[in-house]
Amino acid sequence: MEDARSPDGLNLQEAVPGSKNYARLFRRFVLLTMVCSLLPLLLTGWGLHLYYARFSRERTVAALKNEVGHHRKIIELFLQERCAKLQLIAATQSKGYLTTPANLKVVFELINRDHWTISDMGVIDADGRHLAYIGPYDLMDKNYADTFWFKAVMDKGVYISDMFMGFRREPHFVIAVASAPGPGRWILRATIDTEAFRSLVENVRIGNTGEVYLVNGQGILQTSPRFSGRIMDRTADPIQAPHAGIRIRVIEPRREKNGEAIPRRIVSQVWLDHPRWLLVVRQDFDEAFKAVGLASKAALIFLHISALTILVVAIFITRHMISVIRSRDHAADDLNRQLMQASKLASIGQLSAGVAHEINNPLAIVMTERQLLLDAHHRHSVADSDFSAQFEDSMAQIGLQIQRCKRITHNLLRFSRRTRSVIEEVDLNGFVQEVVELMEREARANGINFHVRLDAQLPVILSDPSQLQQVFLNLITNAVDAHEEKPYGSVSLETAVAPDHEGVILSISDTGCGIAPQHLDKIFDPFFTTKPVGKGTGLGLSICYSIIGRLGGEIRVKSTLGEGTTFDIFLPPNPPVALLKEMGGAH
């Protein structure tokens, strides 16, 4: 068996898509969409997330450094201001003036006028004895010659001590300044109010876990931390050697000997110049970077929501694409079947033309032999008159049937040769008559009669006979097929001049099954058919509609279900100018 091929040689059976794995195609489309859209999103999102996280950490660390630097300046300014005041008093006032209790009290009150920061004040001679004292303690009989701060201030001129217990047996530190070296040298000593100084450092609140404290070089706390340790206790954290600038370090979580769990902490620290104390700002690591963590979580959630959205959209779009591909495949299958059918019809047309041509030769021979028999019969008379009459009738019938066969084969040849589209004069009446003669015998075999009413005044028109042939054959074939469920029926063809004399009208009516009202608006749509599967492709009327429109005409339909259908075809006297230009004006 030969393969069904289209006129350009394409194997139509190969062109028709078979059973496709649409599920695999769906997965591939989704995977490709995800790779092309989701992968760049994830890479970009993760890159931005890492960059933002690093940037936020740097900002947090910078904020901690600023916090430490700010506190350092506050503490140093506090101490420097007190030192400067004491130095000014020692430089401008004499020992005799200051050793007068009333004068010392005035000076004491002036220093504490704005803020109560000095708890007591005393004037001490070069031997360590009190010359004058103002404060809440009884210290006039105390000698400080052997204390560490006395020796230090005599050597340096100015000294700020660490926290110590002293004679009063409670933590405090002093600022002492010495007068100019020489005979009768004396010291002005002031005790800084411990609570005022501690509030300056300890009352700073940094989140819920932050704490600020001071520690000296030996690890002794100079202020009390917010959560762990007390003033004058030894800190549990190791003390690094003095360094310049602000340092940030992270203390990993640990468990104390008493079983207390210490979380991970971030520590920012800086050394004061004078006194040499270490300012520490400490906070839980999780709280310090809480904003960074929340922002990172929000970014990750948004990133995953975006990825999920892309996935859902990709699935819906891919389903729509697969649906479109499936419908296009089905349409292509129908079109390929139609092409195969057209190819078969073309082959049948060529075959019928060949058969018609070949039949003409034996018909000519039969006609010649008939004529010879008649001549012989005329030369030799036959005595039997009945036989002679019957012979004459038989020869006449043979001649009649031969002429009919020649007319049929002639029509077949003429229709099969109308393959090239060309604009020429068309006698619509004669053209309709040819179509009727070609199809009348088959229709009568099915109990269907043709009724032809042709307008003798019908003008000749310019049109494409090849295209008109396809339209008429298709409509008449449909009219005959409409009687499939009826034992008999009729097809009427009528020509008339258009009412405005601007063309001609051909009406093709049948008494078939008719068309349902809900289908009337769809009959000219491609692939729409009411015939059973295998009986029609739904392209015939669509092609007819396109052909008539291309020729500048119009086709209309009227139908009553169960009674019949009428197609009215209007054709203009001349085709559209665009069609003439397309065909090169051939007619």
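Above this text you will find the structure in question.
> Help me out: how do you make sense of the packing of helix α10 (residues 428–445) against helix α11 (residues 465–481) in this one?
The geometry of a pair of packed helices is captured by two quantities: the angle between their axes and the separation between those axes. α11 packs onto α10 with a crossing angle of 40° between their chain directions and a minimal axis gap of 11 Å. Here α10 lies oblique to α11, going by the angle between them. Seen from above, α10 lies across α11 with right-handed handedness. In this structure, α10 contributes L428, F431, V435, L438, M439 and A443 to the contact, and α11 contributes P465, L468, Q469, F472, L473, I476, T477 and V480. A per-class count over the contact of α10 with α11 returns 12 nonpolar, two polar and no charged.

> Is there a simple way to explain the sheet that holds strand β7 (residues 247–251) in this structure?
In any sheet, the strands associate via hydrogen bonds between backbone groups, in a parallel or an antiparallel arrangement. Strand order across the open sheet formed by four strands is β6-β11-β10-β7, with antiparallel pairing between neighbours. The open sheet has two edge strands, β6 (211–216) and β7, and neither has a second partner. Mean inter-strand twist for the sheet, computed between neighbouring axes without regard to direction, equals 25°. Two strands pair when backbone bridges link them, and strand β10 (residues 265–271) and strand β11 (residues 277–284) are joined in this way by seven bridges, in the antiparallel orientation. By the bridge assignment for β11, R265 is matched with D284.

> Could you clarify how one ought to interpret the pairing of strand β1 (residues 118–125) in this entry?
On a regular strand, each side chain points to the face opposite its neighbour's, so the side chains alternate between the two faces of the sheet. By the criterion of burial, β1 is predominantly enclosed, with eight of the eight residues buried. Pairing geometry for β1 and strand β5 (residues 186–192), over seven bridges, is antiparallel. In the sheet register, D120 faces β5, and the bridge partner there is T191. The sheet contact formed by β1 and strand β2 (residues 130–134) spans four bridges and is antiparallel. The residue of β2 that forms the bridge with I124 is H130. Two successive antiparallel strands, β1 and β2, enclose a turn made up of four residues, where G128 displays a positive phi of approximately 95°.

> What am I meant to see in the side chain of T60 here?
Relative to the assigned elements, T60 resides in helix α2 (residues 22–92). Beyond its immediate chain neighbours, meaning those up to four positions away, T60 contacts A288, F289 and V292.

> Would you mind going over the packing of aromatic side chains with me for this structure?
Both the distance between ring centres and the angle between the ring planes are used here to describe each pair of aromatic rings. Counting across every chain of the model gives 13 aromatic pairs. Taking 5.4 Å as the distance between ring centres and 85° as the angle between the ring planes, the aromatic pair formed by F108 and W116 counts as edge-to-face. Since its relative accessible area comes to 6%, F108 is described here as buried. Take W116: its relative accessible area is 49%, and that puts it in the partly exposed class. Here the aromatic residues F78, F173, F197 and W277 are joined through ring pairs into a cluster of three or more. Sitting over the face of the ring of F285, R264 holds its NZ or CZ atom 4.1 Å from the ring centroid. The lysine or arginine in question, R326, covers the ring of Y22, its NZ or CZ lying 4.5 Å from the ring centre.

> Sorry, what's going on with helix α12 (residues 540–550) here?
Each turn of an α-helix holds 3.6 residues, which means side chains three or four residues apart point in the same direction. Among all positions of α12, only G540, L541, S542, C544, I547 and I548 are buried. In the core, the buried residues of α12 are packed alongside α11, β17 (554–560) and β18 (564–571). G552 sits one or two positions beyond α12 and adopts a positive phi of about 90°.

Conventions used here
- Residues numbered from 1 in each chain as written.
- Predicted model: local features only at pLDDT ≥ 70, side-chain atom pairs only at ≥ 80, totals over all residues.
- Heavy atoms only, no water.
- Axes fitted to C-alpha atoms, helices over the stretch in contact; angles between N-to-C directions.
- Helix = DSSP H or I, 4+ residues; strand = E, 2+ residues; numbered from the N terminus.
- Parallel < 35°, antiparallel > 145°, perpendicular 65-115°, else oblique.
- Left-handed = near helix turned anticlockwise from the far one by under 90°.
- Contact = heavy atoms within 4.5 Å.
- Nonpolar A, V, L, I, M, F, W, Y, C, P; charged D, E, K, R; others polar.
- Pairing = 2+ DSSP bridges.
- Buried < 20%, exposed > 50% of the residue type's maximum accessible area, 1.4 Å probe, protein only.
- Phe/Tyr/Trp six-rings, centres within 6.5 Å; stacked < 30°, edge-to-face > 60°.
- Lys NZ or Arg CZ within 6 Å of the ring centre and 35° of its normal.

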